[in-house]
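A look at the structure
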Amino acid sequence: MACASRSRCSFKQAVRQIGSFAYHFWMKDMIPLRYRNGNQYLHRKSADYRSRVKRKIRAYHAFIQAGVVAQGLLQYLAVVAPKLVWDSFGSWLRTIRPGISPSEFVVANALRQTLPEFLLAPAKTNSLTKFIAERQDTTNMRIFRLAS
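Figured I'd write up the structure that's included with this text.

Basis of the calculations
- Residues numbered from 1 in each chain as written.
- Predicted model: local features only at pLDDT ≥ 70, side-chain atom pairs only at ≥ 80, totals over all residues.
- Heavy atoms only, no water.
- Axes fitted to C-alpha atoms, helices over the stretch in contact; angles between N-to-C directions.
- Helix = DSSP H or I, 4+ residues; strand = E, 2+ residues; numbered from the N terminus.
- Parallel < 35°, antiparallel > 145°, perpendicular 65-115°, else oblique.
- Contact = heavy atoms within 4.5 Å.
- Nonpolar A, V, L, I, M, F, W, Y, C, P; charged D, E, K, R; others polar.
- Core = buried A, V, L, I, M, F, W, Y, C linked by side-chain atoms within 4.5 Å.
- Buried < 20%, exposed > 50% of the residue type's maximum accessible area, 1.4 Å probe, protein only.
- Salt bridge = Lys/Arg side-chain N within 4 Å of Asp/Glu carboxyl O.

**Considering the packing of helix α2 (residues 47–80) against helix α4 (residues 104–120)**
In contact at an axis separation of 9 Å, α2 and α4 are set at 95 degrees when each is read in the N-to-C sense. The orientation of α2 with respect to α4, classified from their angle, is roughly perpendicular. Contacts between α2 and α4 involve Gln-71, Leu-74, Gln-75, Leu-77 and Ala-78 from the former and Glu-104, Val-107, Ala-108 and Leu-111 from the latter. Across the contact of α2 with α4, the residue classes break down as six nonpolar, two polar and one charged.

**A short note on the nonpolar core**
Leu-74, Ala-78, Val-85, Phe-89, Val-106, Val-107, Ala-108 and Ala-110 together form the largest nonpolar core, which totals eight residues. No other element matches α4, which puts four residues into this core.

**Quick look at the pattern of salt bridges**
Here the structure, examined in full by the defined rule, presents two salt bridges. We note a salt bridge from Asp-48 to Arg-52, for which the minimum N-O separation is 3.2 Å. Pair noted here: Asp-48 and Arg-52 are both in helix α2, with a separation of four residues, about one helical turn. Since its relative accessible area comes to 26%, Arg-52 is described here as partly exposed. The partner of Asp-87 in a salt bridge is Lys-83, and the shortest N-O contact between them spans 3.1 Å. Here the residue Asp-87 and the residue Lys-83 both occupy positions in helix α3 (residues 82–89), the gap between them amounting to four residues, near one helical turn. Residue Asp-87 shares its accessibility class with Lys-83, and that shared class is exposed.

So, to be careful, I would describe these as geometric facts and stop short of saying anything about function.
This is how it looks when you write it as structure tokens:
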């Protein structure tokens, strides 16, 4: 089923594929609101409370922006390297057609398929691999066990 407009397709991909709107930034001290009452009256709260709410809003914005960047990268890879993406996909789709760029779903799955091998590559040749591997417990991560 095709989307009626490009922006609606992008929004659906952001929600379903990327998870851009799957945020849950809870603030422990935030006062619970009744259903359909979104007004906090922040001007009546302490400066400390207002600053914590602002911090929560900044985290929300950063999360959405990271999702938009991730979606843009998936689209870029689909257009620039479609053959590599299809070769790395590792599954079957009835709609694979030569000359047609893969969807964001296909690119995301291709990246998932190749991530373990990428992370286990020699760190000497790739600084990103070194950066990630130095900060992870490779013996306790499921993704590393899949690659070994």
